[in-house]
Amino acid sequence: MSRYQAVLKAGVIAAGLAAAGTGGAMAQDCAEQVDLTFTFWGSASEKNDMETAIRTFNESHPCITVTGQHIPNTGYVEKITSMLASNTAPDVAYLSENQAFAWAAEGRLLDLSPYLGDTPEDIYLKNSIYRVGDTLMGTGLATGVMLIYYNKDVFDAAGVEYPPAKAEDAWTWDEFVENARLLTKDRSGNTAADPEFDPNNIDVFGVAMPAWWAGWYPFVVSNGGDFANEEGTELTLNSPEAVEALQAYQDLIYTHHVTPTPTQTGTLPAADILMQSRKVAMSMDGMWRVTDFNDTRMNWGIGVLPVFDTPYTPLISTPKVIFAQTEHPDEAFEFYQYVSNPEEVGLFKSGLWAPLELTYFTTQEGLDKWVTSPEGEYPPEALDAIVDYSLNHTGEQVPPYQLRNIGQIFNDAVNPAITKMLDGTVSAQEAMDEAVANAASLMQGRW
Amino acid sequence: MKAPDSMTHISSSTALAERSLDRSATAKSRLSKRQRRELYWGLGFVSLAVGGFVLLKIVPIVASFVISLTDWNVARAPSFIGFDNYARMLTADPLFWKSLWVTAYYSLFSVPVSMAFAFALAMLLNNKIPALGLFRTLFYLPSIIPIIASSILWLWMFNPDFGLFNAGLDLIGLPRQRFIYEESQVIPSLVFMSMWSVGPMMIIFLAGLQDVPNQLYEAVEIDGGNAWHKLWHVTIPMMTPTILFNLLISIVAALQTFVQAFIMTEGGPNNGSLFIVFYIYRKAFQEQQMGYASALAWALFLLICALSILVFRTSHRWVFYHGGDN
């Protein structure tokens, strides 16, 4: 027994020494030493940048010590759910919208109205603000819009004009399809516009489209359709406008042969690599991909999405929250703001994140903090395709941040129907009628 | 050669246990100081295992039943709703029935197919062939590969456009298939894939085969029987205890299939591979319906219990223990 006691004692002494060591260095003029935990996800490089930001924060805030806990995306929800269930939730966290809104409604997340005021719309992009009833859950972490990326060399070789960067000049859907056909080539070098084109032997695809909602939803909105009715009690994806847009999306694959099938996409490498190896000419993807494209040596550019009626791109973000049981809300809020500050976090300059605050979009001084910063890594057309696009063409808040029970609506009704549609087994109309029928019992209104 | 060895170990330890039982029953009060100390040590040693079992198994099982009677989304305190979750499952959730059907369909085929395959492999590897060790290693090897890695590997082989299987079909002039990307083919494809990891079952069959007494085969030979007679009248009857064991294990494993759906298909296409465990996971962690997920878990638990009891109850009709039934 005495041996264990010795080990235990040694451990306690060591821990005491360590605590004394850090305490000695930190204990300057702090009334209290505040410890915060912060959970986040992200790739290895994101993790690095975030850890650097946390270190810088801790150095510049001697009275606050933030402990960052990186949790891989795949296990994040499980982990944070168990943390909440066992009352060990972090102070500040990234949170998927499937959880965030429900938890805010239950009062488990801090209402940030005292900090952000009653009209945060004056300060932030309106779609990056999240409300649940009277509770101001907070803002996103950063923002990002959906864009068209393209390989300039492939366009030059095919003699096709680059996709416009200004929303006002955006291609119509028909122009988009026409250009995509000129860019699609089979193994004998025929384009999809040639009569001899062989759709079973495609070498280069005109455009890669994402299968998740941000890949098709923008066109539904652009065509005047919507995801759900005003009250959020009915799915409206089978409206004529929505079905027209979705059918056009399906036609890219099976009628025009300019887009790979989902099974082809599923096992192909990421868009930046495909485009670099000239297997696709264009790819629709989020603004956050800029950072990946910067790592390639290809001659690339960005443009806005094609339009049906009105230019539209969804503003996508991840809720960033403070848990209500935090003992240090003021300090937590200080860190909360720090995480989304382009002057402190490198991810804004490197092209993963766009900011939340309007001044970063509307003033030259603000733009110089990210897009036009000397260390900024954005192509010149970003001022139109990202800045103006985010500011003026992002419409209303997208459904995942609005509808109750959205996780189940997607899982049980929308995703299976979209999968069938993209597999080409049913038409857009049939798929969406089925989705609407299956969603009927799941719709619970808006937050 | 291994099996008889371990048998003697088992029987000698059983004898020991019986002796100590005897002793504790008749002479409990007369434990010597030394015996008492041994008893404490013994209890101390098992306490970890028992404590772990109670804490990590019994408590969660009981807790999950209590949770299954509530509406709980983690954020709010659970509210007691009686058997509503079970009622919803049985009457108002088509996806529950779908997941049950998917799981049953998969199990019904994967269990016999993989057992037959493992049995055949074990028979082959029980012969005196050259490089026996190499073959045994080769066939066991897939079981060492983490299931995540092998799932990714199969994902590539199943790829309709540049996968190995369609390349093979092209070669012999058969039409291309979409395998796990088509609702009607996903389960047959996964059944096919289940044959890949029969290694452990094969090893158990192999051990069982080596336990079959040689004189029985000799008796068949003397009576003029051929290989078929040996298999049908000696090997299979003598192997029934091993078959029973493997049957139970693989039924339970098949009903708990998860990784294939999680890694390869996300339950799709169109919920065609919505295994019940994957459905439970989705309800619990994507949709935060802990109460309902617990109720689903209990439904699965009861199903496994019922099937196990059924197998055990019918086993006396077809399982033959050569040492006698008791």
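Quantities reported herein were computed from a predicted structural model and do not represent experimental measurements.

Scoring rules and cut-offs
- Residues numbered from 1 in each chain as written.
- Chains lettered and ligands numbered in written order.
- Predicted model: local features only at pLDDT ≥ 70, side-chain atom pairs only at ≥ 80, totals over all residues.
- Heavy atoms only, no water.
- Salt bridge = Lys/Arg side-chain N within 4 Å of Asp/Glu carboxyl O.
- Helix = DSSP H or I, 4+ residues; strand = E, 2+ residues; numbered from the N terminus.
- Buried < 20%, exposed > 50% of the residue type's maximum accessible area, 1.4 Å probe, protein only.
- Pairing = 2+ DSSP bridges.
- Axes fitted to C-alpha atoms, helices over the stretch in contact; angles between N-to-C directions.
- Contact = heavy atoms within 4.5 Å.
- Core = buried A, V, L, I, M, F, W, Y, C linked by side-chain atoms within 4.5 Å.
- Domains from an automatic or database assignment.
- Buried area = accessible area lost by both parts, 1.4 Å probe.
- Polar contact = N/O pair within 3.5 Å; in protein donor to acceptor, adjacent residues only side chain to side chain.
- Nonpolar A, V, L, I, M, F, W, Y, C, P; charged D, E, K, R; others polar.

K.L.:
Is there a simple way to explain the pattern of salt bridges in this structure?
P.N.:
Side-chain pairs of opposite charge can arise where the charged atoms are in close proximity. Residue and element names in this part refer to chain A. All told, the structure shown has 22 salt bridges over all chains when counted by the stated rule. Residue Asp203 pairs with Lys279 through a salt bridge whose shortest N-O separation is 2.7 Å. Remark: Lys279 occurs in the loop between helix H11 (271-276) and strand E9 (280-286) and Asp203 occurs in strand E8 (residues 202-208); sequence separation between them is 76 residues. Between Asp285 and Arg289 there is a salt bridge, with the nearest N and O atoms lying 3.3 Å from each other. Arg289 shares its class with Asp285; the two are buried. Shared partners join several salt bridges into a network, and the residues in it are Asp272, Asp285, Arg289 and Asp292.

K.L.:
Sorry if this is basic, but what is going on with the sheet that holds strand E1 (residues 34-40) of chain A here?
P.N.:
For sheets, the rule is that strands pair by backbone hydrogen bonds, running either parallel or antiparallel. Residues and elements named next belong to chain A. Within the open sheet, the 4 strands sit side by side as E2-E1-E3-E12. Their pairing is mixed. The two strands at the open ends of the sheet, each matched to only one other strand, are strand E2 (64-70) and strand E12 (320-322). Looking at each pair of strands side by side, their axes are set apart by 20 degrees on average, direction ignored. In this sheet, E12 lies alongside strand E3 (residues 92-94) in antiparallel orientation, the contact comprising 3 bridges. Paired with Ala93 across the two strands is Val321, which belongs to E12. Most of the contacts of helix H3 (residues 73-85) go to E1, to which it runs at about 145 degrees, and overall it touches E1, E2 and E3. Each of E1, E2, E3 and E12 touches helix H13 (residues 329-339); the most contacted strand, E12, lies at about 170 degrees to it.

K.L.:
What is the right way to read the nonpolar core from this model?
P.N.:
Formed by 220 residues in total, the largest nonpolar core has its most connected members in Trp216, Phe227 and Trp370 of chain A. It is helix H4 (residues 94-125) of chain B that provides the largest number of residues to this core, a total of 11 residues. Filtering out sequence-adjacent residues up to four positions away, Phe227 of chain A remains in contact with Trp216, Tyr217, Glu234, Leu235, Thr236, Leu237, Pro399, Leu403, Ile406, Ile409, Phe410 and Val414 of chain A.

K.L.:
Is there a simple way to explain the domain arrangement of chain A in this structure?
P.N.:
Accessible area lost upon the coming together of the parts is a frequently used measure of interface size. Residues and elements named next belong to chain A. Parsing chain A into structural domains produces domain 1 (21-143 + 317-340) and domain 2 (145-316 + 396-439). The centre of domain 1, based on its C-alpha atoms, is set 33 Å off from the matching centre of domain 2. Between domain 1 and domain 2, the residue contacts involve 13 residues of the former and 9 residues of the latter. The contact between domain 1 and domain 2 buries some 960 Å² in all, and 53% of this surface belongs to carbon and sulfur atoms. The largest contributions to the domain 1 side of the interface with domain 2 come from Asn127, Thr143 and Ser317, which together make up 51% of the buried area. In this structure, the connection of domain 1 to domain 2 is made through 0 salt bridges. Seen at the junction of domain 1 and domain 2, the total is 3 residue pairs in polar contact (both at pLDDT 80 or more). Those elements giving two or more residues to the side of domain 1 that touches domain 2 turn out to be helix H4 (97-105) and strand E4 (129-132). Here the element with the most residues in the side of domain 1 that touches domain 2 is H4; it accounts for 3 residues. Looking at side-chain class alone, the side of domain 1 that touches domain 2 contains 5 nonpolar, 6 polar and 2 charged residues.

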